[in-house]
Amino acid sequence: MFDWLQHFADWLIYSVFEFGAETHLGTALNFFVFDTLKILILLFFIVFIMGIVNTYFPIERLKDYLNRKKLYGLEYLFSSIFGAITPFCSCSSVPLFIGFVQGGIPLGVTFSFLITSPLVNEVAVAMFLGMFGVKATLIYVVSGVFLGTIGGWLLGKFKLEPLLSDWVKKILKNKTQNLEYEDENRTFKQRLPEITRGAWDIVKSVLLYVIIGIAIGAAMHGYVPENFFNQYLGGDEWWTVPLAVLIAVPMYANAAGIVPVIQVFVAKGVPLGTAIAFMMATVGLSIPEATLLKKVMSLKLIAIFFGVVTLCIIFSGYLFNILL
Amino acid sequence: MSKVIKILGTGCPKCQSMTAVIKDVVSENKIDATIEKVEDIMEIMKFNVMTTPALVIDNVITIKGRVPSKDEVLALLN
């Protein structure tokens, strides 16, 4: 699929700039040009498709669906899937949270959405597709959705309503004022410019991270010896998964920057499951997100929320390492 | 009559670019309007929006969850 891009990278580096194909610098530059372009193309493509999905299924419509339909326990799964297809912006998590509980959606179902939304996002999916291929991406997406489902269901069992902030409890008491959802009637052609612009804006905003991430990755490829992690960090010892996850939770890294680095780890002997768990903990949970949620939840609730999700991620890390 | 424009958003990058677009449109076209940024989450929730940034013109929500183009804003303001 990307053969033509490889030809272009070969031509640019070896013919135009005349770096030797057998030199380290030449191959590193070739790798860098090829990877960067490939990922940017994938990124634009996926963000664009998600843009189309979002214009037809805006968040209000999804919420409305969860509200009206009787889903017999499947509401956690649906909420988690909806979380995956909505674009995530950390600053929207609080209004989303309030909007959901205000609409009478149970707290656990709301949590399903809140867990999956940052965990499975279009940028991370595009990066995964570019660096690890289709199979690993599918595992990542499916397990992310599954994790949100289980996490939300577990949190729903805990009866956490008393741990919400006072003003949120007040909102919960009069949740009758439901917002009517009105459909947009614009044609696809009318929506297209806005979708394209949106996709382009997202690609532009992560461009720098992609380039830095791939550059670090390319540099590390040459310097980190083969099987480095197996030799020094006990690549598949039992404690590597929890360690990787615990390091990643407070970290807030852009998916675009972190995936190329993780790819090097995997190439040098870290099991893919450990890498996916690390990735999930990085994008799914972070200190900035906790700070935002502080406005609607008590610290105790945030701790429970983060604790449950962390345990789920660790568990899935083990599961991948067994399965893969 | 002077229009009242409110921009709802907690200060994320998208909210800032929306503010920039609105300010540009208002000054370039010499529109008589006051621009107010609403950053307090409790105030934002009174408008019942679930995605930020949102644009409110004379107390009507016109755009939510995305950054509009200049032409779009101009059309909304006229």
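Residues numbered from 1 in each chain as written. Chains lettered and ligands numbered in written order. Predicted model: local features only at pLDDT ≥ 70, side-chain atom pairs only at ≥ 80, totals over all residues. Heavy atoms only, no water.

Peer 1: An account of the overall build of chain B is needed here, citing residue identities and associated values.
Peer 2: A tally of helices and strands in chain B yields three helices and four strands. Across chain B, helices and strands are ordered from the amino to the carboxyl terminus as β-α-β-α-β-β-α. Relative to the 2.2 N^0.38 estimate, which gives 12 Å for 78 residues, the radius of gyration of chain B is 11 Å and therefore close to what a compact globule would have. With the C-alpha coordinates aligned to their principal axes, the bounding extent of chain B is approximately 30 × 25 × 15 Å. Restricting to contacts in chain B with at least 6 residues of sequence separation, those with at least 24 account for 67%. (Helix = DSSP H or I, 4+ residues; strand = E, 2+ residues; numbered from the N terminus. Rg over C-alpha atoms; globule rule 2.2 N^0.38 Å. Contact = heavy atoms within 4.5 Å.)

Peer 1: Describe the overall build of chain A, naming the residues involved and giving the relevant values.
Peer 2: Counting its regular elements, chain A contains 15 helices and zero strands. When each of the 324 residues of chain A is scored for burial, the buried share is 51%. Within chain A, residue pairs in contact and separated by at least 24 positions form 81% of the contacts whose partners lie at least 6 positions apart. As presented, chain A carries roughly 15,800 Å² of accessible surface, and 69% of it is formed by carbon and sulfur atoms. Within chain A, the 21 negative side-chain charges are centred at a point lying 14 Å from the centre of the 22 positive side-chain charges. (Buried < 20%, exposed > 50% of the residue type's maximum accessible area, 1.4 Å probe, protein only. Areas by Shrake-Rupley, 256 points an atom, 1.4 Å probe, with all protein chains shown as cover. Lys, Arg positive; Asp, Glu negative; His and termini not counted. Charge placed at Lys NZ, Arg CZ, Asp CG, Glu CD.)

Peer 1: Mind laying out the sheet that holds strand E4 (residues 60-64) of chain B, listing which residues take part and the relevant values?
Peer 2: Residues and elements named next belong to chain B. On the basis of which strands lie adjacent, the open sheet formed by four strands has the order E2-E1-E3-E4 and mixed pairing. The sheet terminates laterally at strand E2 (33-38) and E4, the two strands that pair on one side only. Taking each pair of neighbouring strands and ignoring which way they run, the sheet shows an average axis angle of 20°. The sheet contact formed by strand E1 (residues 3-8) and strand E3 (residues 54-57) spans four bridges and is antiparallel. When the sheet's bridge partners are listed, Ile 7 is paired in E3 with Leu 55. Sheet contacts for helix H1 (residues 13-28): E1, E2, E3 and E4; angle to E1, the most-contacted strand, approximately 160°. (Pairing = 2+ DSSP bridges. Axes fitted to C-alpha atoms, helices over the stretch in contact; angles between N-to-C directions.)

Peer 1: An account of the interface of chain A and chain B is requested, with residue identities and associated values reported.
Peer 2: Across the boundary between the two partners, chain A contributes 19 residues, which contact 16 residues of chain B. Taking both partners together, chain A and chain B bury about 1,600 Å²; carbon and sulfur atoms supply 64% of that area. Across the contact surface, chain A and chain B share zero salt bridges. Counting across the interface, chain A meets chain B through one residue pair in polar contact (both at pLDDT 80 or more). When contributions to the side of chain A that touches chain B are tallied by element, the ones reaching two or more residues are helix H3 (59-68), helix H5 (93-102) and helix H9 (188-223) of chain A. Per-element accounting of the side of chain A that touches chain B gives the leading share, seven residues, to H5 of chain A. (Buried area = accessible area lost by both parts, 1.4 Å probe. Salt bridge = Lys/Arg side-chain N within 4 Å of Asp/Glu carboxyl O. Polar contact = N/O pair within 3.5 Å; in protein donor to acceptor, adjacent residues only side chain to side chain.)

Peer 1: If you had to explain the packing of aromatic side chains to someone new, which residues and values would you point to?
Peer 2: Residue and element names in this part refer to chain A. Per the counting criterion, the structure on display carries 12 aromatic pairs over all chains. Among the aromatic residues, those joined into a ring-pair cluster are Phe 97, Phe 111, Phe 305 and Phe 306. We note Arg 191 situated over the ring of Tyr 56; from NZ or CZ to the ring centre the distance is 4.3 Å. (Phe/Tyr/Trp six-rings, centres within 6.5 Å; stacked < 30°, edge-to-face > 60°. Lys NZ or Arg CZ within 6 Å of the ring centre and 35° of its normal.)

Peer 1: Requested: an account of the nonpolar core, with residues and values cited.
Peer 2: Soluble globular proteins tend to pack their nonpolar side chains together in the buried interior. All names here are of chain A. Ranked by internal contacts, the top residues of the largest apolar core, which has 78 residues, are Met 279 and Met 297. For this core, the element with the highest residue contribution is helix H7 (residues 122-157), accounting for 13 residues. Among all residues touching Met 297, those that are not within four sequence positions of it are Phe 97, Phe 111, Leu 114, Leu 163, Leu 164, Ser 165 and Ile 302. (Core = buried A, V, L, I, M, F, W, Y, C linked by side-chain atoms within 4.5 Å.)

Peer 1: How would you sum up helix H1 (residues 3-16) of chain A? Please name residues and give values.
Peer 2: Residue and element names in this part refer to chain A. For H1, which comprises 14 residues, the first-to-last C-alpha distance of 19 Å matches the rise-based estimate of 20 Å (1.5 Å per residue) to within 8%. Turning to H1, its buried residues number three or more, namely Leu 5, Ala 9, Leu 12 and Ile 13. Along the long axis of H1, the arc covered by the buried residues comes to 80°, so they all point the same way. Counted as exposed and oriented over 90 degrees from the buried face of H1: Asp 3, Trp 4 and His 7. Just downstream of H1, Glu 18 is the residue with a positive phi angle, here 55°. (Expected span 1.5 Å × (residues − 1). Arc of directions from axis to C-beta.)

Peer 1: Residues and numbers for the environment of Leu 155 of chain A, please.
Peer 2: Residue and element names in this part refer to chain A. Residue position: Leu 155 is located in helix H7. In the structure, Leu 155 is positioned 72 residues away from Gly 83 in sequence and 16 Å away in space, judged by C-alpha atoms. Non-local contacts of Leu 155, meaning those with residues more than four positions away in its chain, are made with Phe 111, Ile 115, Leu 160, Ile 304, Phe 305 and Val 308.

Peer 1: Which residues make up the confidence of the model for chain B, and what values do they have?
Peer 2: With 99% of its residues at a pLDDT of at least 70, chain B reaches an overall mean of 85. Element-level pLDDT for chain B is lowest in helix H2 (residues 41-45) of chain B, with a mean of 80, against a maximum mean of 90 in E1 of chain B. (pLDDT = per-residue confidence, 0-100.)

Peer 1: Kindly report on the pattern of salt bridges, identifying the contributing residues and their values.
Peer 2: Residue and element names in this part refer to chain B. Under the counting rule described, the total for this entry stands at five salt bridges over all chains. A salt bridge links Asp 24 to Lys 70; the nearest nitrogen and oxygen atoms lie 3.6 Å apart. With Asp 24 in helix H1 and Lys 70 in helix H3 (residues 70-77), this pair connects stretches of sequence that are 46 residues apart. One salt bridge in this structure joins Glu 39 and Lys 37, with 3.3 Å as the shortest N-O distance. Taken together, the salt bridges that share partners define one network made up of Asp 24, Glu 28 and Lys 70.

Peer 1: Lay out the packing of H7 of chain A against helix H15 (residues 299-323) of chain A with the relevant residues and their values.
Peer 2: Angle between the axes and distance between the axes are the two parameters that describe a pair of packed helices. Residues and elements named next belong to chain A. It is at 10 Å that the axes of H7 and H15 come closest, and there the two elements cross at 140°. Taken as axis vectors, H7 and H15 run oblique relative to one another. Remark: the crossing between H7 and H15 carries right-handed chirality. Counted together, Ile 139, Ser 143, Leu 147, Gly 151, Leu 154 and Leu 155 of H7 and Ile 304, Phe 305, Val 308, Val 309, Cys 312, Ile 313, Ser 316 and Phe 320 of H15 form the full contact between these two elements. In the contact of H7 with H15, the residues fall into 11 nonpolar, three polar and no charged. (Parallel < 35°, antiparallel > 145°, perpendicular 65-115°, else oblique. Left-handed = near helix turned anticlockwise from the far one by under 90°. Nonpolar A, V, L, I, M, F, W, Y, C, P; charged D, E, K, R; others polar.)

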